[in-house]
Amino acid sequence: MTTLKLSSLLVIFTFLFACQPQKKSDEQPLVSSPFKITTTNFGVLPEGDSVTKYTFANSNGLEVSIINYGGIVTNINFPDTSGKVEDLVLGFDHLEGYLKESPYFGAIVGRYGNRIAQGKFTLNGQAYNLATNNNKNHLHGGLKGFDKVLWDATPFESADGAGLKLHYLSKDMEEGYPGNLDVNVTYTIKNDNTIEIDYKATTDKPTIVNLTQHSYFNLTGDVKRDILNHEVMILADSLIPVDAGLIPTGEMMSVTETPFDFRQVTPVGDRIDEQDEQLSLGGGYDHCWVLDKTTPNALEWVVKAMDPESGRVFELATTEPGVQFYSGNFLDGSITGKYKTAYQHRYGLCFEPEHFPDSPNQANFPSVVLNPDEEYHTTTVWRFSIVE
Ligand code: GLA
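What you see is a predicted model; the values in this text were computed from it and never measured. (Residues numbered from 1 in each chain as written. Predicted model: local features only at pLDDT ≥ 70, side-chain atom pairs only at ≥ 80, totals over all residues. Heavy atoms only, no water.)

*Asks:* Kindly report on the site of the ligand, identifying the contributing residues and their values.
*Replies:* Around the ligand, the surrounding shell holds 13 residues, and the nearest of these are Arg 115, His 140, His 214, Asp 286 and Glu 352. Within the side chain of Gln 324, one N or O atom sits 3.2 Å away from an oxygen atom of the ligand. Glu 352 is positioned such that a nitrogen or oxygen atom in its side chain is 2.7 Å from an oxygen atom of the ligand. With the chains in place, 95% of the 300 Å² that the ligand exposes on its own is no longer accessible. Considering only residue class, the shell around the ligand consists of seven nonpolar, three polar and three charged. (Near = heavy atom within 4 Å. Polar contact = N/O pair within 3.5 Å; in protein donor to acceptor, adjacent residues only side chain to side chain. Areas by Shrake-Rupley, 256 points an atom, 1.4 Å probe, with all protein chains shown as cover. Nonpolar A, V, L, I, M, F, W, Y, C, P; charged D, E, K, R; others polar.)

Next up, the structure:
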């Protein structure tokens, strides 16, 4: 009897033990994550909402901070050729700077990146008047664009990378735009030192959309001087000439034999002060280049910038047909940003991938219309490296 009981107990124990979850191996991931995510408080908005800063570090020297206000990239830390880690973007140490005086530093821009003449457009026979905030024109989404709203933010980590999923519901007629626009923007920081920005949107009424990202880069690190030494390449045979209000004339202009030819790597400062009608209208470079794509919506590498002193290289791939290259012409030293630096003339450069400016009023430009049965989806990738 006893022997039987004992042996059956033994069987039960063995069975129970075999069924125990293998704690040790379950708790230790097979491969440890190459990413580190930290979350800190970044202040409180006047309406009382808290703003959070999310920092993502990979194991190859790239560290990126993003806040849920404006989806703003506040810092991109990356080493130079000697290994010195410095910050490559303009911005502010505190939320107040972003609330008070930011010219879209690091922000997500929407619903429409760039200008719409007089803030007017007609869609399916219906005329719309958008908020005007730039010499009677509409710029970068209006008075309170996507750069000035609080996004729902969810940090994540996947096999692909770590990053932040941002969501914002832009209500029907916000800043004058028709339709409830449901927007998802995902930043993914990867271990190959790329940052992917993926934009998706849907609407319940026909509307227009043109989202972009407005980071000001200065690869010298911690913004030591202007960006005129940066060597830039833009794979584009033509650009969109503008009038005095920086509104497209509707033509396309060949870059051949103009200061706008960046098909070969050229320092920004080499030709920026030449006598040229388009340069004087833009106050420097502030134009949309028409990218040479092999396939219109393919994700292709189209922009490169390199700082010869630090050896830092920035590259950009996008699915968009155009990129606005803005050489920081409106910076004039009146804004003091991170590290107590006054941002002087041309202390940062922006590459804003987008559809062309004023597309809703230009029949020959690719359409920016989004209908209820469609999904808006564009992708841009930034890659950081050091010259060999
Ligand atoms: C864009 C525009 C510029 C300027 C900046 C923000 O790049 O093209 O003209 O408005 O944004 O200052």
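*Asks:* For the nonpolar core, give the residues involved together with the corresponding values.
*Replies:* Core analysis: the largest hydrophobic core is formed by 59 residues, its most contacted members being Ile 76, Ile 234, Trp 289, Phe 351, Trp 382 and Phe 384. The leading source of residues in this core is strand E13 (residues 181–189), at five residues. For Trp 289, the contacting residues outside a window of four places in its chain are Ile 234, Ala 236, Ser 238, Leu 239, Val 255, Phe 260, Phe 262, Pro 321, Gly 322, Val 323 and Phe 325. Grouped together as the second largest cluster of nonpolar side chains are 20 residues, Ile 67, Phe 105, Leu 331 and Ile 335 included. (Core = buried A, V, L, I, M, F, W, Y, C linked by side-chain atoms within 4.5 Å. Buried < 20%, exposed > 50% of the residue type's maximum accessible area, 1.4 Å probe, protein only. Helix = DSSP H or I, 4+ residues; strand = E, 2+ residues; numbered from the N terminus. Contact = heavy atoms within 4.5 Å.)

*Asks:* Describe the sheet that holds strand E3 (residues 63–67), with residues and values.
*Replies:* Spatial strand order, E1-E2-E3-E4-E5: five strands in an open sheet with antiparallel pairing. Only two strands of the sheet have a single partner each, and these edge strands are strand E1 (36–44) and strand E5 (85–87). Neighbour-to-neighbour, the strand axes of this sheet turn through a mean angle of 15°, independent of strand direction. Alignment of strand E2 (residues 50–57) against E3, held across five bridges, turns out to be antiparallel. Bridge pairing in E3 places Thr 55 opposite Ser 65. (Pairing = 2+ DSSP bridges. Axes fitted to C-alpha atoms, helices over the stretch in contact; angles between N-to-C directions.)

*Asks:* Tell me about the side chain of Thr 220, and name the residues and values.
*Replies:* Residue position: Thr 220 is located in the loop between strand E16 (212–213) and strand E17 (231–234). Residue class for Thr 220 comes out buried when judged on its relative accessible area of 5%. At 2.6 Å, the side chain of Thr 220 and the side chain of Asn 218 are in polar contact. Ignoring sequence-local partners within four residues, the contact set of Thr 220 consists of Glu 86, Arg 225, His 230, Asp 307, Ser 310 and Arg 312.

*Asks:* I'd like a description of unusual backbone geometry, backed by residues and values.
*Replies:* Residues other than glycine predominantly adopt negative phi, and peptide bonds predominantly adopt the trans conformation. That bond from Gly 110 to Arg 111 is cis: its omega, 0°, falls within 30 degrees of zero. Mapped onto the fold, Arg 111 is located in the loop between strand E6 (108–109) and strand E7 (115–116). In the Ramachandran plot, Arg 346 falls in the positive-phi region, its phi being about 60° despite a non-glycine side chain. Secondary-structure assignment places Arg 346 in the loop between strand E24 (322–326) and strand E25 (350–354). The backbone phi angle of Asp 358 is positive, close to 55°, even though this residue is not glycine. Here Asp 358 is to be found in the loop between E25 and strand E26 (369–370).

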